[in-house]
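# Per-entry structural report
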Number of protein chains: 2
Amino acid sequence: MTYEVKRLQINYKTLDEFKKFKEYGIQELSMLEDLNAKISENEINSPFYGIYFGDSLAARMSLYKRNKRFDQYFEPQQDYLEVWKLEVLSNYQRKGLGATLVEFAKSFNLPIKTSPRVKSSEFWARMGFSPVTYDMDRDLGENPLIWLPEGVKEQKQTEED
Amino acid sequence: MTYEVKRLQINYKTLDEFKKFKEYGIQELSMLEDLNAKISENEINSPFYGIYFGDSLAARMSLYKRNKRFDQYFEPQQDYLEVWKLEVLSNYQRKGLGATLVEFAKSFNLPIKTSPRVKSSEFWARMGFSPVTYDMDRDLGENPLIWLPEGVKEQKQTEED
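Residues numbered from 1 in each chain as written. Chains lettered and ligands numbered in written order. Predicted model: local features only at pLDDT ≥ 70, side-chain atom pairs only at ≥ 80, totals over all residues. Heavy atoms only, no water.

## Digging into the overall build of chain A
For the record, the criterion: Numbering of helices and strands runs from the N terminus, with a helix taken as a DSSP run of H or I at least four residues long and a strand as a DSSP run of E at least two residues long. Our radius of gyration looks at C-alpha atoms and nothing else; its globule reference is 2.2 Å times the residue count to the power 0.38.
Looking only at helices and strands, one finds five helices and nine strands in chain A. Each helix (α) and strand (β) of chain A, taken in turn from the N terminus, gives the series β-α-α-β-β-β-β-α-β-α-β-α-β-β. Taking 161 residues into account, the globule formula puts the C-alpha radius of gyration at 15 Å, and chain A, at 17 Å, falls close to it. Dimensions along the principal axes, computed over C-alpha positions, put chain A at roughly 50 × 40 × 25 Å.

Below, the structure is given as structure tokens:
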């Protein structure tokens, strides 16, 4: 079975569905404030993509293109995608929804970085992601994973200070 | 009761104790690699501070001074402290160990940033930390909290791109 990945429109219904996800935080609260400050709904695009089952959001992720000037991960330095808050609601797990979202991200053929907040290393390894070489100034408490398209390498960190 | 906060020496015993903490990741694995590559033990300092009960590490945090050129949070722009992996082992909770570690960090009188990975907003609010104003390019999926010493304000983000 294949699933359709949709870009999520930020309206009160979507923000209400977001409350079902564990990784709800200041990003969503800030979207709600923005929405409250506007006159009309349905007009704010977001970095969120998701998969619906009928009328219900079953899985989501943030997928956001970062400018090459932020790139501290890839060689040559380039625009890349950052994935965060990839999450499948428990009732919809084990159907391949997470993999469908990650494949959607990979379809842009840009390098991808993610720093999962939950233990999910086997899933990410299956999707072709590898841990970076730890660098304290860059990574702090993160555990970044990267996916490299053809011709892209991991950026070597240089010693500073 | 008061507890003594110690800077942790990175040796095989410490790294073994780190395995009891939930937030064990590539930072610790990289320390282990560094240790394996050296001849003698006990010589690597770390950003980790902790509290011992007898011979056992009961609580820890990473406390790391960041150069002002990394500062995207404080006004005026300045050196600040980043706290991550603040964690008290379950047998030692409700004794004030977490608060003792945070007070230790505050004693340097530098602004502090942290992005807790677990739901702990009440604890951080009690410690005087507040959420930042969300900025997608800076914060992505993080939920940063900051503590401001006298005379320091939150840095306002300017629109870029």
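Next comes the rest of the description.
## Observations regarding the interface of chain B and chain A
Heads up, the condition is: Any two residues whose heavy atoms approach within 4.5 Å at even a single point are treated as in contact. Put simply, buried area is the surface a 1.4 Å probe can reach on two separate parts but cannot reach once they are joined, added for both. Put simply, a salt bridge is a Lys or Arg side-chain nitrogen that is within 4 Å of an Asp or Glu carboxyl oxygen. Here a polar contact means two N or O atoms within 3.5 Å. Within protein one must be a hydrogen donor candidate and the other an acceptor candidate, and residues neighboring in sequence count only if both atoms are side-chain atoms. In the scheme used here, Gly and all other residues not listed as nonpolar or charged are polar, with Ala, Val, Leu, Ile, Met, Phe, Trp, Tyr, Cys and Pro taken as nonpolar and Asp, Glu, Lys and Arg as charged.
Every contact between the two is made by 32 residues of chain B and, on the other side, 32 residues of chain A. Between chain B and chain A, the buried area comes to about 2,800 Å², and carbon and sulfur atoms account for 52% of it. For chain B, the biggest contributors to the area lost against chain A are I26(B), R117(B) and L140(B); these three give 26% of the whole. Where chain B meets chain A, there are zero salt bridges. At the junction of chain B and chain A, the tally comes to 13 residue pairs in polar contact (both at pLDDT 80 or more). At the level of secondary structure, the elements contributing two or more residues to the side of chain B that touches chain A comprise helix 2 (26–37), strand 3 (56–66), strand 5 (80–88) and helix 5 (136–139) of chain B. Along the lines of polarity and charge, the residues of the side of chain B that touches chain A split into 13 nonpolar, seven polar and 12 charged.

## A word on the environment of L35(A)
Residues and elements named next belong to chain A. Quick note on the threshold: Any residue under 20% of the maximum accessible area for its type is buried, any over 50% is exposed, and the rest in between are partly exposed; the area is computed with a 1.4 Å probe on protein chains only.
When you line up the elements, L35 lands in helix 2 (residues 26–37). With relative accessibility at 3%, the residue L35 sits in the buried group. Measuring from C-alpha to C-alpha, the distance between L35 and G96 comes to 32 Å, with 61 residues separating the pair along the chain.

## Quick word on the packing of aromatic side chains
Let me state the cut-off plainly: Ring pairs are drawn from Phe, Tyr and Trp, using the six-membered ring of Trp, whenever the two centres fall within 6.5 Å, and their geometry is named by plane angle: stacked under 30 degrees, edge-to-face over 60, tilted for the rest.
A full pass over the atoms with the stated rule returns 22 aromatic pairs over all chains. Summarising the aromatic geometry, the rings of W124(A) and F129(A) are spaced 4.8 Å apart at their centres and angled 70° between planes, so their arrangement reads as edge-to-face. With respect to burial, W124(A) and F129(A) carry one shared label: buried. Measuring from centroid to centroid gives 6.0 Å for Y64(B) and W84(B), while their planes differ by 75°, and the two rings are edge-to-face.

The values are spatial; any link to function lies outside them.
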